[in-house]
Amino acid sequence: MSNCSESAGKPAAARLFRDMFGAGMIYLTAVLGAGLAIKGFAPPQWLAALLAVAPIAPALLMLAAQLRYMRALDEFQRGVQSEAVLIAAAVIAFGTLAYGQLEDMAGFPDLSMMWVFPAFCVVWSAATLFVRLRYK
Amino acid sequence: MRNRLKVLRAERNWSQADLADKLDVSRQSVNAIETGKYDPSLPLAFKIAAVFSLPIEQIFSADEVAQAAE
């Protein structure tokens with residue numbers, strides 16, 4: 001996820017990595033477990049829906065880690081991250097809109113919305129590097 | 001906004017990292033302020049003034065004021 005710098009940012013970045021890794025592992029385990037349970041036991045639809053959204057709980061831990069990271073940064077770094085988040089949000093919003101139109105109108109293959117969040121994280125990281133270049 | 005951070009820091013033989021530690025910010029923040037690419041908030045500007053034991057106006061000046069003085 002987003003990297004940081006020395007002094008105020010370095011411990012925050014290390015903690016973010018640790019928290020994101022932990023929450024990510026729990027999330028993956030929950031996704032795999034829910035998938036296996038739904039396929040193996042063919043539960044009623046309400047239970048399948050419940051199992052399918054259950055991994056969102058550990059995913060929210062990732063959001064909490066991100067918020068903790070932002071609060072630990074100094075004002076300059078927070079400004080950089082805020083700009084990077086804004087760029088990432090815009091790229092993902094317009095990217096998904098454009099791909100939705102490609103799916104509907106040009107016959108492109110359907111993609112799962114599950115990829116939106118990982119794509120957002122990747123674009124956020126890239127945008128952080130891009131924004132930092134301006135202050136070099 | 002212009003500032004004399006680099007000069008004041010050099011006078012005291014402080015590295016950017018030293019000043020960053022004193023201000024409890026990242027070295028990148030000090031660098032961005034020094035190069036004029038980032039203007040600090042008022043609380044941070046006052047903190048910088050306190051670290052250098054100088055009035056804030058002896059460290060920071062508006063571009064127009066600095067140009068008029070030159």
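It should be emphasised that the depicted structure is a prediction, and the values quoted were computed from it without experimental measurement. (Residues numbered from 1 in each chain as written. Chains lettered and ligands numbered in written order. Predicted model: local features only at pLDDT ≥ 70, side-chain atom pairs only at ≥ 80, totals over all residues. Heavy atoms only, no water.)

### Here we look at the overall build of chain A
Next, step 1: A tally of regular secondary structure across chain A gives five helices and zero strands.
Next, step 2: Secondary structure elements of chain A occur, N-terminal to C-terminal, as α-α-α-α-α.
Next, step 3: Each principal axis of the C-alpha atoms in chain A carries an extent, and together these give about 55 × 40 × 15 Å.
Next, step 4: In chain A, which comprises 136 residues, the proportion classed as buried is 30%.
Next, step 5: Residue pairs at least 24 apart in sequence account for 76% of intrachain contacts in chain A once pairs closer than 6 positions are excluded.
Next, step 6: When the accessible surface of chain A is summed, it comes to about 8600 Å², and 75% of that surface belongs to carbon and sulfur atoms.
Next, step 7: With 10 positive and 8 negative side-chain charges, chain A shows a separation of 11 Å between the mean positions of the two kinds. (Helix = DSSP H or I, 4+ residues; strand = E, 2+ residues; numbered from the N terminus. Buried < 20%, exposed > 50% of the residue type's maximum accessible area, 1.4 Å probe, protein only. Contact = heavy atoms within 4.5 Å. Areas by Shrake-Rupley, 256 points an atom, 1.4 Å probe, with all protein chains shown as cover. Lys, Arg positive; Asp, Glu negative; His and termini not counted. Charge placed at Lys NZ, Arg CZ, Asp CG, Glu CD.)

### Notes on the domain arrangement of chain A
Next, step 1: What the domain assignment lists for chain A is domain 1 (1-73) and domain 2 (74-136).
Next, step 2: The straight-line distance from the C-alpha centre of domain 1 of chain A to that of domain 2 of chain A is 19 Å. (Domains from an automatic or database assignment.)

### Quick notes on the nonpolar core
The nonpolar side chains of soluble globular proteins are, as a tendency, buried together.
Next, step 1: If you look at the biggest cluster of nonpolar residues, it comprises 39 residues, and the most contacted ones within it are B:Leu5, B:Leu19, B:Ile33, B:Ile48, B:Phe52 and B:Ile59.
Next, step 2: If you list the elements that add at least two residues to this core, you get α1 (9-41), α3 (56-72), α4 (75-106) and α5 (116-134) of chain A together with α1 (5-11), α2 (16-23), α3 (27-34) and α4 (42-52) of chain B.
Next, step 3: Among the domains, domain 1 (1-73) and domain 2 (74-136) of chain A are the pair contributing at least three residues each to this core.
Next, step 4: Excluding residues that lie within four positions of it along the chain, B:Phe52 makes contacts with B:Leu5, B:Leu8, B:Arg9, B:Arg12, B:Trp14, B:Leu19 and B:Ile59. (Core = buried A, V, L, I, M, F, W, Y, C linked by side-chain atoms within 4.5 Å.)

### Concerning the packing of aromatic side chains
Next, step 1: Taken as a whole, this structure holds six aromatic pairs over all chains when the rule is applied.
Next, step 2: Between A:Phe17 and A:Phe21, the ring centres sit 6.3 Å apart and the planes meet at 20°, which makes this aromatic pair stacked. Highlighted residues: A:Phe17 and A:Phe21, both in helix α1, separated by four residues, approximately one helical turn. Both residues of the pair, A:Phe17 and A:Phe21, belong to the exposed class.
Next, step 3: When the centroid spacing of 5.9 Å and the interplanar angle of 85° are considered together, the rings of A:Tyr99 and A:Phe108 count as edge-to-face.
Next, step 4: Look at A:Phe108 and you get partly exposed, because its relative accessible area is 38%.
Next, step 5: An aromatic cluster is defined as three or more aromatic residues linked by ring pairs; in this entry it consists of A:Phe76, A:Tyr135 and B:Tyr38.
Next, step 6: The lysine or arginine in question, B:Arg12, covers the ring of B:Trp14, its NZ or CZ lying 5.9 Å from the ring centre.
Next, step 7: Here the guanidinium or amino end of B:Lys22 rests over the ring plane of B:Trp14, the centre of that ring lying 4.6 Å away. (Phe/Tyr/Trp six-rings, centres within 6.5 Å; stacked < 30°, edge-to-face > 60°. Lys NZ or Arg CZ within 6 Å of the ring centre and 35° of its normal.)

### Looking at the interface of chain A and chain B
When the parts come together, some accessible area is lost, and that loss is often what is quoted as the size of the interface.
Next, step 1: Opposite the eleven residues of chain A that make contact, chain B presents 15 residues.
Next, step 2: Summed over both partners, the interface of chain A with chain B comes to about 1100 Å²; 47% of that surface belongs to carbon and sulfur atoms.
Next, step 3: At the junction of chain A with chain B, the criterion picks out zero salt bridges.
Next, step 4: The tally of links from chain A across to chain B stands at six residue pairs in polar contact (both at pLDDT 80 or more).
Next, step 5: Per-element accounting of the side of chain A that touches chain B gives the leading share, three residues, to α4(A). (Buried area = accessible area lost by both parts, 1.4 Å probe. Salt bridge = Lys/Arg side-chain N within 4 Å of Asp/Glu carboxyl O. Polar contact = N/O pair within 3.5 Å; in protein donor to acceptor, adjacent residues only side chain to side chain.)

### With respect to unusual backbone geometry
All names here are of chain B.
Next, step 1: Backbone geometry places aspartate 24, a non-glycine residue, at a positive phi of 60°.
Next, step 2: When you line up the elements, aspartate 24 lands in the loop between α2 and α3.
Next, step 3: Residues other than glycine seldom take positive phi values, yet serine 53 does so here, at roughly 55°.

### Things to note about a nonpolar patch on the surface
All names here are of chain A.
Next, step 1: Side chains of Val53, Ile56, Leu60, Leu63 and Leu67 sit close together on the surface and give an oily, nonpolar patch of about 460 Å² of accessible area.
Next, step 2: When residues in the nonpolar patch are grouped by element, the largest group, four residues, is from α3.
Next, step 3: Examined against the element boundaries, valine 53 turns out to sit in helix α2 (residues 45-53).
Next, step 4: The class for valine 53 is partly exposed, based on a relative accessible area of 49%. (Patch = residues over 30% accessible without salt bridge, like charges linked within 9 Å, V, L, I, M, F, W, Y side chains within 5 Å.)

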